[in-house]
Protein chains: 2
Amino acid sequence: MAPQSHNTQTDSFPAPRFGVNYTPSVGWFHHWLDFNIDDVKKDLDSIVEVGADHIRIFALWPLVQPNRTLIRPQALTDIRSVVDAAAERNLDVSVDGLQGHLSSFDFLPSWVSTWHKANLFTDDRVLSGQAEYLTKLAGALDDRPNFLGMSLGNEFSQFASSAHPDVSALSIDEAEHWLRTVLTACETGAPGREHQHSEYDAAWFDNNHSFTPALAARVGSMTTVHSWVFNGTAQKYGGTSEQSARLAEYLIELSRGWAVDPARPVWLQEVGAPAPFIESDQAARFTEEAINHALDCDNLWGVTWWCSHDVSTALADFPSLEYSLGLLDNARSIKPQGQAFARAAATARDSYTRPAPRSTALVLDVGDEATAPNRSVCAPGGEFFNAWMTLAMEGERPAVVLTSQSHDSDILETRGIKTLVLPSEVQRSSTETTVLP
Amino acid sequence: MAPQSHNTQTDSFPAPRFGVNYTPSVGWFHHWLDFNIDDVKKDLDSIVEVGADHIRIFALWPLVQPNRTLIRPQALTDIRSVVDAAAERNLDVSVDGLQGHLSSFDFLPSWVSTWHKANLFTDDRVLSGQAEYLTKLAGALDDRPNFLGMSLGNEFSQFASSAHPDVSALSIDEAEHWLRTVLTACETGAPGREHQHSEYDAAWFDNNHSFTPALAARVGSMTTVHSWVFNGTAQKYGGTSEQSARLAEYLIELSRGWAVDPARPVWLQEVGAPAPFIESDQAARFTEEAINHALDCDNLWGVTWWCSHDVSTALADFPSLEYSLGLLDNARSIKPQGQAFARAAATARDSYTRPAPRSTALVLDVGDEATAPNRSVCAPGGEFFNAWMTLAMEGERPAVVLTSQSHDSDILETRGIKTLVLPSEVQRSSTETTVLP
């Protein structure tokens, strides 16, 4: 099989976007409290230097909406000025609207906490407050040409995880209702933009999580993927393993397996090189490899690195890995991984070649599609994960297809899938724990 | 017995101070996010009009210290400007440092919440962070002549109540260690000022609360009392009952019973007229009566009304009573209770007469002094509460003395106590549920 390659020059298929999750160098996300557009502009200047064409920014929910009916005009103005400063630098902006959760810290307004605690997804009062907030925030940006849309919200799904210390329990139906409500709220504020939702690993790997793979891959304008090797991949296979380098690629293809529209774009919305899982002297190599593997996936909207700037060590209580995730250090100097990112971005822009279809697909059966009760086979160390990685390391470029779609010749043909492989047919590779030379 | 009255003219005994807890009319305590000194100045002008000589202000903890090691200079500057604007109007300022809790809302920084949750009183990391914060905050005001000192923190003790949805359990020893640590931190920042701690009812009434009456009345520069008739008094006896009008007086005398220094000042730091327990057309009368009863207590540092301005009804989710507690409405117009307060303040300043000693004392035995295991007899409806109120309504002006001090003739003489009465000796008055004419 020699699938035709689709070059940007020949059919104008767009190269994936390259961007960063913007972590302000001064004050981290607390910078909203001391908002200084000059600091932001300096940060954005340095972000341009690593070749980014977009940023993802984070509005701290309790600061924008400290009371349910107080959505601060000044906060919206400040967010608009970041978007405008980005526009001056040809950066598009996606705005993450429910923080929610960031780098181990949760940010919840007092009107949903302690004495006012209510389920963050199902309580009518909370949900109407969130919707009002998101409509106003999106609406405040609706006239900005470089506003991409809203992402909802940074791994807000963690509040529905049984592992959360203050869990908001909900059903899958309730999760879907929440997702459709908050996405509709964004669409009301800014019609026609790209509004998505953003979950963490549990959506793909946790059998009991109410945010399911089907919701992740079928609701919203595109599927978002957050790829973090500390999810067990680095622990089991090593930070320099091929499994770690291919984790983002795997998640992209896994998510595509769940889509009903084969052409649905996937956004690698977060990927980073966390120390010590990725040692600092390996971060540039990891960056290059992870991006290159991801670029081998079709219909990839873009790659948005986590993060732009290292967190200042003057700030306390972050998990240690959070202090060194930047492509730039806290003084805005480009780090080796920033140079690797910049090279990858430049190469993609200059000579992006649309990847060939993946003609071999691994068939995924995790039980009922709506509930995915056995999705843990997809987690690092799981049978499906291992089979996919084995095929990938053998050079097969595996796609993923659900059992329910594996007999649909139209779908297979559209996706270019010629060969179906069951996980049980894949020899457990001896490379499972191989460390790259 | 005809005790000698001590007039300000004859022995310069200072009249009690009159002030308000400052609730900003624009944005409530969220005003710090959109800090506007002109709005504050207008509020302070209207506060002067009700005859206040001081205010108590509230720094929102998560806004001043959003990260443990980020104590925002701008937040300290903003707090300083409020203090300076107060000085221009001859208002002294007490600064409440750990919010903590305000009008049903808790304000905790993310570094002590959810994934970073730790005991708010005993965790070393949290305690060192609080101490650093309080030292810096007090230190930022140390050179301001009208800075009275710190209060700690507004009913922060509620986080140690078993009723709290996110309780931080602690022992009495741990409560004392916390109190002494945070008070020392304030003293380090602003030596020689009046630094106190401020608990809610549970300290006086809840048998199991680790903040005990002994801690309340013996630690810090003076004892603070928060008097709220919705603590059961209004429910049991009616908002217009004499019990409700005398609740603050009772709490002041109860607290003095626990003091070891008979001359220790007591600050009626919070008292208000909450609707519907006090109907709006009764609020002025309640204000006048509650103040007059309180002024009949000796060594009263001052009366600080809750609150200055009504909460805007544009803000959501407050308990309904919080919207109408102001002496001034949200447009800064003086309400009838504000006029009553102003009259009382003017009268006290013009012609304060030091009250005669209370020569009859009700003897309080709640078990071990350090733990006060039977202190619930002091709660509204309790035997001690009813006995005290009966004596008071009979015109006895009862003091309170602990059993352990009731045989100490020096103490009794110093306090002017001539007659001891046991609660069991007090006939349950028929006025228990009497409503005033």
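In this text, all values refer to a predicted model and were calculated from it rather than measured experimentally.

**Student:** How should helix α6 (residues 172-189) of chain A be read in this particular structure?
**Tutor:** Residues that lie three or four places apart on an α-helix share one face, since the helix turns once every 3.6 residues. All names here are of chain A. The end-to-end C-alpha separation of α6 is 26 Å, in line with the 26 Å expected for 18 residues at 1.5 Å each. Along α6, the residues that are buried comprise Ala 175, Trp 178, Leu 179, Val 182, Leu 183, Ala 185, Cys 186 and Gly 189. Along the long axis of α6, the arc covered by the buried residues comes to 150°, so they all point the same way. Seen from the buried face of α6, the exposed residues on the opposite side, beyond 90 degrees, are Asp 173 and Thr 188. Those residues of α6 that are buried are in contact with β4 (92-99), α5 (124-141), β7 (147-152), β8 (196-197) and α8 (213-218).

**Student:** Would you mind showing me how to read the sheet that holds β7(A) here?
**Tutor:** What links the strands of a sheet is backbone hydrogen bonding, and the strands pair in either a parallel or an antiparallel sense. All names here are of chain A. As summarised here, the arrangement of the eight strands in space is β8-β7-β4-β3-β2-β11-β10-β9, forming an open sheet in which the pairing is parallel. Because the sheet does not close on itself, it has two edges, and the strands there are β8 and β9 (223-227). In terms of strand pairing, strand β2 (residues 17-21) meets strand β3 (residues 54-60) through three bridges, oriented parallel. Bridge pairing in β3 links Gly 19 to His 54. Across the sheet, α6 touches β4, β7 and β8, and the angle it forms with β7 is around 155°. Here helix α12 (residues 283-295) sits on the sheet in contact with β2, β10 (266-271) and β11 (300-305), set at roughly 165° to β11.

**Student:** Would you take a moment to explain the pattern of salt bridges for this structure?
**Tutor:** As a working rule, side chains carrying opposite charge can pair if their charged atoms are close by. All names here are of chain A. Across all of its chains, the model carries 53 salt bridges over all chains by this definition. The shortest N-O distance in the salt bridge between Arg 332 and Asp 43 comes to 2.6 Å. Remark: Asp 43 occurs in helix α2 (residues 37-49) and Arg 332 occurs in the loop between β11 and α13 (336-351); sequence separation between them is 289 residues. With a closest N to O distance of 3.6 Å, Arg 358 and Asp 296 form a salt bridge. Separated by 62 residues along the polypeptide, Arg 358 in the loop between β12 (353-354) and β13 (360-364) and Asp 296 in the loop between α12 and β11 bring together distant segments of the chain. The class for Asp 296 is partly exposed, based on a relative accessible area of 25%. One continuous salt-bridge network, built from bridges that share partners, spans Glu 242, Arg 246, Glu 249, Glu 253, Arg 256, Asp 296, Arg 358 and Arg 397.

**Student:** How should I be thinking about the sheet that holds strand β4 (residues 92-99) of chain B in this particular structure?
**Tutor:** Residues and elements named next belong to chain B. Ordered in space as β8-β7-β4-β3-β2-β11-β10-β9, the eight strands form an open sheet in which the pairing is parallel. In the strand order of this sheet, the two ends are held by β8 (196-197) and β9 (223-227), each with one partner. With four bridges joining them, strand β2 (residues 17-21) and strand β11 (residues 300-305) adopt parallel strand pairing. Bridge pairing in β11 places Phe 18 opposite Val 303. Packing against the sheet, helix α12 (residues 283-295) makes contact with β2, β10 (266-271) and β11, and its axis sits at approximately 165° to β11.

Parameters and conventions
Residues numbered from 1 in each chain as written. Chains lettered and ligands numbered in written order. Predicted model: local features only at pLDDT ≥ 70, side-chain atom pairs only at ≥ 80, totals over all residues. Heavy atoms only, no water. Helix = DSSP H or I, 4+ residues; strand = E, 2+ residues; numbered from the N terminus. Expected span 1.5 Å × (residues − 1). Buried < 20%, exposed > 50% of the residue type's maximum accessible area, 1.4 Å probe, protein only. Arc of directions from axis to C-beta. Contact = heavy atoms within 4.5 Å. Pairing = 2+ DSSP bridges. Axes fitted to C-alpha atoms, helices over the stretch in contact; angles between N-to-C directions. Salt bridge = Lys/Arg side-chain N within 4 Å of Asp/Glu carboxyl O.

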